[in-house]
Amino acid sequence: MTPREPVPTGVVSRLTPVEGIRLVIFDIYGTLIISAAGDISLVSESESAKGMAEAIRKLGGGGTDDEVETGLECYRAEILRRQNDLRSQGVEFPEVEIREVWKSIASQLKLPGERIESAALAYECAVNPCWEMPGAGKVIRTLRKNSFPLGIISNAQFYTGAVVEGVSGINLSGADFEPTLSVYSYREGFGKPSRQLFEKALREAEALGIQSQEVLYIGNDLVKDIEPAVEVGFRTGLFAGDQRSLMRYGMILLKRKYMISLKRWLS
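A.B. asks: So what exactly am I meant to see when it comes to the overall build of the protein chain here?
C.D. replies: Helix and strand content of the protein chain: 10 helices and seven strands. The proportion of buried residues among the 267 residues of the protein chain is 45%. A sequence separation of at least 24 residues applies to 75% of the contacts in the protein chain between residues at least 6 apart. Within the structure as shown, the protein chain displays about 14,100 Å² of accessible surface, and the carbon and sulfur contribution to it stands at 52%.

Structure follows, in structure tokens:
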């Protein structure tokens with residue numbers, strides 16, 4: 001990982017005071033940390049090949065061109081297969097456990113499976129270099145200093161905590177965030193924008209005597225973060241600090257509004 005800077009969005013901040021908050025929950029990618037890709041579909045072929053070669057070497061292979069080609073084919077096919085299996089079970093926004101994918105890659109390449117976590121992390125660092133979002137660590141430290149419990153609702157994998165701590169010093173495993181108030185997609189088998197992730201966090205908050213309107217959720221995506229958070233009753237803050245994480249989802253919103261307008265016109 002090397003230092004990165006957010007790309008300015010040109011969005012004017014609206015920092016309206018929010019009263020009555022007892023719990024703050026954050027998204028991770030595009031909010032607490034800068035994510036170069038955030039979506040595997042945006043990763044270039046050269047970055048994927050370089051990352052796969054490094055991962056295969058972690059598994060004990062040589063990282064040859066044939067191994068890389070086989071590894072990439074298995075990676076994509078296995079993710080798609082597992083997503084389709086979950087969809088067939090009624091999961092609307094399926095999330096795979098990436099370690100299971102790497103077990104399949106190791107098996108396909110006839111390599112030992114003892115270092116699949118190292119391989120998965122090496123591939124992630126190669127294709128999706130991250131860095132701390134400026135000010136994120138200061139915000140977390142300030143909230144903790146003022147005795148706010150903190151949580152996470154994020155599309156993530158087992159290595160996300162290590163990545164976040166490595167680039168920012170923010171500890172997701174208990175020092176800075178409450179484990180019971182942290183919900184990760186890979187553990188649940190489904191991801192945002194599923195309301196179920198937010199509903200699970202709400203149940204945990206209510207067990208502590210905190211009501212939905214006393215929760216502030218901060219994320220960078222209007223569709224995956226803000227909409228489901230509002231639906232369960234959370235107060236929300238849209239973080240608009242990096243164009244890479246806003247531009248894609250702005251287009252999604254425009255498309256959605258266009259389709260709604262078209263349906264009204266046709267009716």
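A.B. asks: How should the packing of aromatic side chains be read in this particular structure?
C.D. replies: What describes a pair of aromatic rings is the distance from one ring centre to the other and the angle between the planes of the rings. If you walk through the whole model with that rule in mind, you get seven aromatic pairs. The interplanar angle of 55° and the centroid separation of 4.9 Å between the aromatic rings of Tyr75 and Tyr123 together place this pair among those described as tilted. Of this pair, Tyr75 sits in helix 2 (residues 65-88) while Tyr123 is found in helix 4 (residues 116-127), placing the two residues 48 residues apart along the sequence. Both residues of the pair, Tyr75 and Tyr123, belong to the buried class. Judged by centre distance (6.4 Å) and plane angle (45°), the rings of Tyr184 and Tyr186 are tilted.

A.B. asks: What is the right way to read the sheet that holds strand 6 (residues 215-219) from this model?
C.D. replies: Two modes of strand pairing occur in sheets, parallel and antiparallel, and in both the strands are linked by backbone hydrogen bonds. Overall, parallel pairing links the five strands, which are arranged 5-4-1-6-7 in an open sheet. In this open sheet, the two strands that pair with only one neighbour each are strand 5 (182-184) and strand 7 (235-238). Recorded for the sheet is a direction-independent mean angle of 20° between the axes of neighbouring strands. In this structure, strand 6 lies alongside strand 7, joined through four bridges in parallel fashion.

A.B. asks: How should the environment of Ala136 be read in this particular structure?
C.D. replies: Structurally, Ala136 is set in helix 5 (residues 136-145). Considering only alpha carbons, one finds Ala136 and Ser168, 32 residues apart in sequence, at a separation of 8.0 Å. Residues within four places of Ala136 in sequence aside, it is in contact with Leu32 and Ile170.

A.B. asks: What's the story with the pairing of strand 1 (residues 23-26) in this structure? I'm lost.
C.D. replies: When a strand is regular, its side chains alternate between the sheet's two faces. Burial of strand 1 is two-sided: the residues Leu23 and Ile25 facing one way and the residues Val24 and Phe26 facing the other way are all buried. Inspection of the sheet shows strand 1 paired to strand 6 by four bridges, in the parallel sense. Paired with Leu23 across the strands is Val215, a residue of strand 6. The pairing of strand 1 with strand 4 (residues 150-154) spans three bridges and is classified as parallel. Bridge pairing in strand 4 places Phe26 opposite Ile152.

About the thresholds
- Residues numbered from 1 in each chain as written.
- Predicted model: local features only at pLDDT ≥ 70, side-chain atom pairs only at ≥ 80, totals over all residues.
- Heavy atoms only, no water.
- Helix = DSSP H or I, 4+ residues; strand = E, 2+ residues; numbered from the N terminus.
- Buried < 20%, exposed > 50% of the residue type's maximum accessible area, 1.4 Å probe, protein only.
- Contact = heavy atoms within 4.5 Å.
- Areas by Shrake-Rupley, 256 points an atom, 1.4 Å probe, with all protein chains shown as cover.
- Phe/Tyr/Trp six-rings, centres within 6.5 Å; stacked < 30°, edge-to-face > 60°.
- Pairing = 2+ DSSP bridges.
- Axes fitted to C-alpha atoms, helices over the stretch in contact; angles between N-to-C directions.

It is worth stressing that arrangement in space is one thing and function is another; only the former is reported here.
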